[in-house]
Amino acid sequence: MPDRAPRTSVATHCPYCALQCGTRLGHGASGTVVEPSDFPVNDGSLCQKGWTAPAVLDVPDRLRRPLLRGPDGRLAPAGWDTALDTVATRLRRIRDEHGPDALAVFGGGGLTNEKAYLLGKFARLALGTSQIDYNGRFCMSSAAAAGNAAFGLDRGLPFPVADLGAADTILLAGANPAETMPPLMRHLRKADLIVIDPRRTKTAERAALHLQPVPGTDLALALGLLHIAVSDGWCDKEYVQERTTGFDAAWRRAVTWWPERVEQVTGVPVAEQRAAVELLGEARRAYVLTGRGAEQHSKGADTAAAFINLALALGLPGVAGSGYGCLTGQGNGQGGREHGQKADQLPGYRMITDPEARAHVARVWGTTPDALPGPGRSAYELLDALGTEGGPRALLVFGSNPLVSAPHSARVAERLAALDLLVVADFVPSETARTADVVLPVAQWAEEEGSLTNLEGRVLRRRRLLPPPEGVRTDLEVLHGLAVRLGEPAHRYPTSPRQVFDELRRASRGGTADYSGITYERLDAGEALYWPCPERPGGQPHPGTPRLFLDGFATPDGRARFAEVDHRDPAETPDADHPLYATTGRVLAHYQSGAQTRRVPELNDAVPEPYVEIHPDTAARAGLREGGTARVTSARGTTVARVRLVGSMRTDTVFLPFHHPGAGRANLITGTALDPRSRMPEFKVCAVRIEPGSDAP
Ligand SMILES: Nc1nc2c(c(=O)[nH]1)N[C@H]1C(S)=C(S)[C@@H](COP(=O)(O)OP(=O)(O)OC[C@H]3O[C@@H](n4cnc5c(=O)[nH]c(N)nc54)[C@H](O)[C@@H]3O)O[C@H]1N2
Ligand SMILES: Nc1nc2c(c(=O)[nH]1)N[C@H]1C(S)=C(S)[C@@H](COP(=O)(O)OP(=O)(O)OC[C@H]3O[C@@H](n4cnc5c(=O)[nH]c(N)nc54)[C@H](O)[C@@H]3O)O[C@H]1N2
Ligand code: SF4
Ligand SMILES: [Mo]
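Computed from a prediction, not measured in an experiment: that's the story for all the values here. (Residues numbered from 1 in each chain as written. Chains lettered and ligands numbered in written order. Predicted model: local features only at pLDDT ≥ 70, side-chain atom pairs only at ≥ 80, totals over all residues. Heavy atoms only, no water.)

The mixed open sheet is built from 7 strands, whose spatial order is β5-β4-β18-β17-β16-β6-β7. Each edge of the open sheet is held by one strand with a lone partner, namely β5 (75-77) and β7 (132-134). Neighbour-to-neighbour, the strand axes of the sheet open up by a mean angle of 20 degrees, direction not taken into account. Alignment of strand β6 (residues 103-107) against strand β16 (residues 394-398), held across 4 bridges, turns out to be parallel. Along β16, the bridge assignment pairs Ala 104 with Leu 395. Running over the sheet, helix α3 (residues 113-127) touches β6, β7 and β16 and is turned about 175 degrees from β6. (Pairing = 2+ DSSP bridges. Helix = DSSP H or I, 4+ residues; strand = E, 2+ residues; numbered from the N terminus. Axes fitted to C-alpha atoms, helices over the stretch in contact; angles between N-to-C directions. Contact = heavy atoms within 4.5 Å.)

Rendered as structure tokens:
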């Protein structure tokens, strides 16, 4: 197969975050080498993770053969036929005994568009289950819910990243791009930044104004900023009149959030609230952007909506040079939420409950609408139900490491252990893979073709430099192999990414995220294509849509909707037993559950163990010293971390990165309260106590 021959160099993109920095991969003396390309989002730069990404291709414990857990309880190598036959036989047996919803799938926002699409199809048709969701639920779901409600469509940034470069003011609510997307900072150099973060992050250090609220109080703060914008005359009345609906109802809530009340709840001084609104109001071009700090709450959707309300009152969304956006996180966090691996969705960002959507997708899949299951459980609810009465008894994981990254990890570990069958496809023995009954070794980014959609909604090609190591298959090949063994026709599960993409285009046609006009040929010719990009049979090809909403929003009447939202407390607030807030997040050197970056020596050396940031006074009261060990305990459990004294921390708050496994997992303490609209867990706030520990973390 010529398609499999190694190439000397390829233009592709970084395997990690949603910025999808452009790279060129080639062969060097000691293996694969990477350099940045002049792609507009990274403009010739990469972060430390991007530079070291090739190291993951050759990690010493790379999975190269399927593993089966034997009668002795150990994982042992097996051939592919044996592994896939075993999985298919056990899936059939469980389905015969307990019905199709006893089989479940957990996907990931790092999967290519093709994989996400085929995984959704595999779950609904080959397994016949409604029980599929993915880690994007932990990531983008709150902003997505708010964006869909306000604008009729959810595309993280409805404008290209480079547009930010011309802004006068940018408000970043709960985002730390200086560590999570460093090359993005190049586009933020000109603007005055307003950063809302309980911590003085590297991003906050570069801000004109840093608002440092109590964790979990952004909703009150956003209502307060709207209050000031309207009372102090910064509201764009003409825009509100012509381009929006629902202002009065939203204002009825915000009117009660006068600045002094907001200061009491959030801790942000009135003068700073006013200064923020002035910076935004005076700007000719301004943006409001949200990150996980504002969104990963049991009121994350309402909080994102409150920031959208503020942006609407200032007349920003749908105006060239200004806007609202959310910073999507994972490599394919955008595409991953469009092609049907979410419990309530079908390809094209269609809703699984919509009869027309079901009819369209059933046609493309060569089946009838009643053959398609309905909506399933959301990610945490799915994990929580594993092995329970009426819950799934088998789980297939593609592209996630929930044992480290899901909330309340002790509970998740217990549920995974209660399964009759756990199958994990991965290229490294992640913590979750190590507990599996069957581990399937798959190809990595530089070893396969595909496409991803970055945080701007731009569709990108991932290209193959090398063949996968001997014994390793692609995710598409794995899905094909399982589907056929489950009795599906082989042609329904193509293993060629191009063929899957062509089917995805048809499935997305007419949907919100319409890819039908995008082809590998157009992408390979260097066209910059942002969805929606419908096919125009016979006519000029559609140019794609870099900027959405300029002529109107994607709602039936073309107007954006203000949301009627009000503040509420987090599910947990400090009390006598647990007197501090804990919040969690990321550091530059590690990615997510750390399954990949902990295996790269340079990254692991940068942050080799879990730590907790604590204000020196708070630490002293608890008897903790710099470099010592802290036990951090919530109502769910205890995690162990190295103490870092940070003078700029709030004295009522501690911070833990969530990249480490074992006893140092931050998710041993996080809670399971879910946002009622998005089903997002409250990763960003829980109540804890801290005390000295004896063991090193
Ligand atoms: N280095 C690195 N980069 C990454 C990733 C990674 O794992 N590592 N992951 C990628 C992914 S999937 C994602 S989703 C993005 C996430 O990117 P970000 O949203 O930038 O990342 P986080 O660190 O989770 O959260 C951002 C900030 O929220 C703050 N925060 C905590 N609680 C609150 C609160 O109640 N209110 C407010 N306003 N802020 C709060 C934290 O202090 C933190 O600095 O990063 C992407 N890029
Ligand atoms: N406390 C706390 N917890 C959090 C968060 C937080 O801020 N605080 N953030 C949440 C967020 S935003 C996210 S996105 C999640 C992410 O957390 P996870 O879902 O655990 O994400 P990763 O660590 O990227 O796990 C991806 C796994 O899949 C593998 N993998 C990568 N690419 C592929 C592929 O193409 N195919 C297959 N088969 N495997 C692949 C990797 O090797 C890795 O083992 O964590 C969430 N958890
Ligand atoms: S910012 Fe994101 S995409 Fe760019 S090099 Fe770093 S991890 Fe990769
Ligand atoms: Mo994420």
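Glancing now at the environment of Leu 419. Within the secondary structure, Leu 419 sits in the loop between α17 (409-417) and β17 (421-426). Sequence separation between Leu 419 and Gly 267 is 152 residues, and the spatial gap between their C-alpha atoms is 45 Å. Residues contacting Leu 419, with those up to four places away along its chain left out, are Leu 386, Gly 387, Pro 392, Arg 393, Ala 394 and Leu 395.

This part covers the domain arrangement of the protein chain. Examined at the domain level, the protein chain breaks down into domain 1 (67-138 + 332-442 + 474-508), domain 2 (144-327) and domain 3 (580-692). Counting residues at the interface gives 20 residues for domain 1, matched by 21 residues for domain 3. In total, domain 1 and domain 3 occlude about 1700 Å² of area from one another, counting both sides; carbon and sulfur atoms represent 60% of this. In this assembly, domain 1 and domain 3 are joined by 2 salt bridges. Across the salt bridge formed by Glu 381 and Arg 679, the nearest N and O atoms sit 2.7 Å from each other. Remark: the boundary between domain 1 and domain 3 carries 13 residue pairs in polar contact (both at pLDDT 80 or more). Among the elements of the structure, α15 (379-385), α16 (402-405), α17 and α18 (431-434) are those that each provide at least two residues to the side of domain 1 that touches domain 3. Per-element tally for the side of domain 1 that touches domain 3: the top contributor is α16, with 3 residues. Looking at the side of domain 1 that touches domain 3 residue by residue, the class counts come to 10 nonpolar, 6 polar and 4 charged. (Domains from an automatic or database assignment. Buried area = accessible area lost by both parts, 1.4 Å probe. Salt bridge = Lys/Arg side-chain N within 4 Å of Asp/Glu carboxyl O. Polar contact = N/O pair within 3.5 Å; in protein donor to acceptor, adjacent residues only side chain to side chain. Nonpolar A, V, L, I, M, F, W, Y, C, P; charged D, E, K, R; others polar.)

Moving on, we come to the pattern of salt bridges. Here the structure, examined in full by the defined rule, presents 42 salt bridges. For Arg 485, the salt bridge is made with Asp 81, and the minimal N-O distance between the two is 2.7 Å. Taken together, the residues span a long stretch of sequence, with Arg 485 in helix α19 (residues 475-485) and Asp 81 in helix α2 (residues 80-98) at a distance of 404 residues. Judged by its relative accessible area of 24%, Arg 485 is partly exposed. (Buried < 20%, exposed > 50% of the residue type's maximum accessible area, 1.4 Å probe, protein only.)

Phe 122 and Ile 170 are the most contacted members of the largest nonpolar core, which has 171 residues in total. If sequence neighbours within four positions are ignored, Ile 170 has contacts with Leu 164, Leu 188, Ala 191, Asp 192, Leu 193, Ile 194, Tyr 287 and Leu 289. Grouped together as the second largest cluster of nonpolar side chains are 24 residues, Val 397, Leu 416, Leu 422 and Phe 683 included. (Core = buried A, V, L, I, M, F, W, Y, C linked by side-chain atoms within 4.5 Å.)

Let us now look at the sheet that holds strand β2 (residues 22-28). Taken together, the 3 strands give an open sheet; going across it, the order is β1-β2-β3, and neighbouring strands pair in antiparallel fashion. Looking along the sheet, the strands with just one partner apiece sit at the ends: β1 (9-13) and β3 (31-36). Between one strand axis and the next, the sheet turns by 35 degrees as a mean value, whatever way the strands run.

With that settled, the discussion passes to the site of ligand 2. With respect to spatial proximity, 30 residues lie near ligand 2, and among them Asn 135, Ser 400, Ser 405, Asp 426 and Ser 593 are the closest. Ser 593 has a polar side-chain atom sitting 2.5 Å from an oxygen atom of ligand 2. Look at ligand 2: alone it shows 920 Å² of surface, and the protein chains cover 96% of it. Broken down by class, the residue content of the shell around ligand 2 amounts to 11 nonpolar, 14 polar and 5 charged. Counting the residues that make up the shell around ligand 2, at least three belong to each of domain 1 (67-138 + 332-442 + 474-508) and domain 3 (580-692). (Near = heavy atom within 4 Å. Areas by Shrake-Rupley, 256 points an atom, 1.4 Å probe, with all protein chains shown as cover.)

Position of Leu 452 among the secondary structure elements: in strand β19 (residues 450-453). Measuring from C-alpha to C-alpha, the distance between Leu 452 and Gln 334 comes to 8.2 Å, with 118 residues separating the pair along the chain. For Leu 452, the contacting residues outside a window of four places in its chain are Gln 20, Gly 110, Thr 112, Asn 113, Gly 331, Asn 332, Arg 458, Val 459, Leu 460 and Arg 462.

The subject of this paragraph is the site of ligand 1. In the region of ligand 1, 32 residues are neighbours, and Asp 197, Asp 218, Arg 586, His 590 and Gln 592 sit closest. Here Asp 218 contributes a side-chain N or O atom positioned 2.6 Å from a nitrogen atom of ligand 1. With respect to ligand 1, the backbone of Gln 592 contributes an N or O atom lying 2.7 Å from an oxygen atom. When contributions to the shell around ligand 1 are tallied by element, the ones reaching two or more residues are α5 (177-180), α12 (292-295) and β23 (580-585). Class assignment of the residues belonging to the shell around ligand 1 gives a composition of 9 nonpolar, 15 polar and 8 charged.

Two faces make up the sheet, and in a regular strand the side chains alternate between them. With 5 of its 5 residues buried, strand β12 (residues 286-290) lies for the most part within the structure. Pairing between β12 and strand β13 (residues 323-326): 4 bridges, direction parallel. Considered in β13, the bridge of Thr 290 is made with Cys 326.

Let's shift gears to the side chain of Thr 519. By secondary structure assignment, the location of Thr 519 is in the loop between α20 (497-508) and α21 (520-524). Taking relative accessible area as the criterion, Thr 519 reaches 15% and is therefore assigned buried. Separated by 3.0 Å, the side chain of Thr 519 and the backbone nitrogen of Arg 522 make a polar contact. Setting aside residues up to four positions removed in sequence, Thr 519 forms contacts with Phe 501 and Arg 505.

The next thing to look at is the packing of aromatic side chains. Using the criterion set out here, one finds 14 aromatic pairs in the structure. One aromatic cluster is present, formed by Phe 151, Tyr 324, Phe 549 and Phe 553 through successive ring pairs. Stacked on the ring of Tyr 493, the Lys or Arg Lys 121 has its end atom at 5.5 Å from the ring centre. Its guanidinium or amino end placed over the ring of Trp 257, Arg 261 lies 3.6 Å from that ring's centre, counting from NZ or CZ. (Phe/Tyr/Trp six-rings, centres within 6.5 Å; stacked < 30°, edge-to-face > 60°. Lys NZ or Arg CZ within 6 Å of the ring centre and 35° of its normal.)

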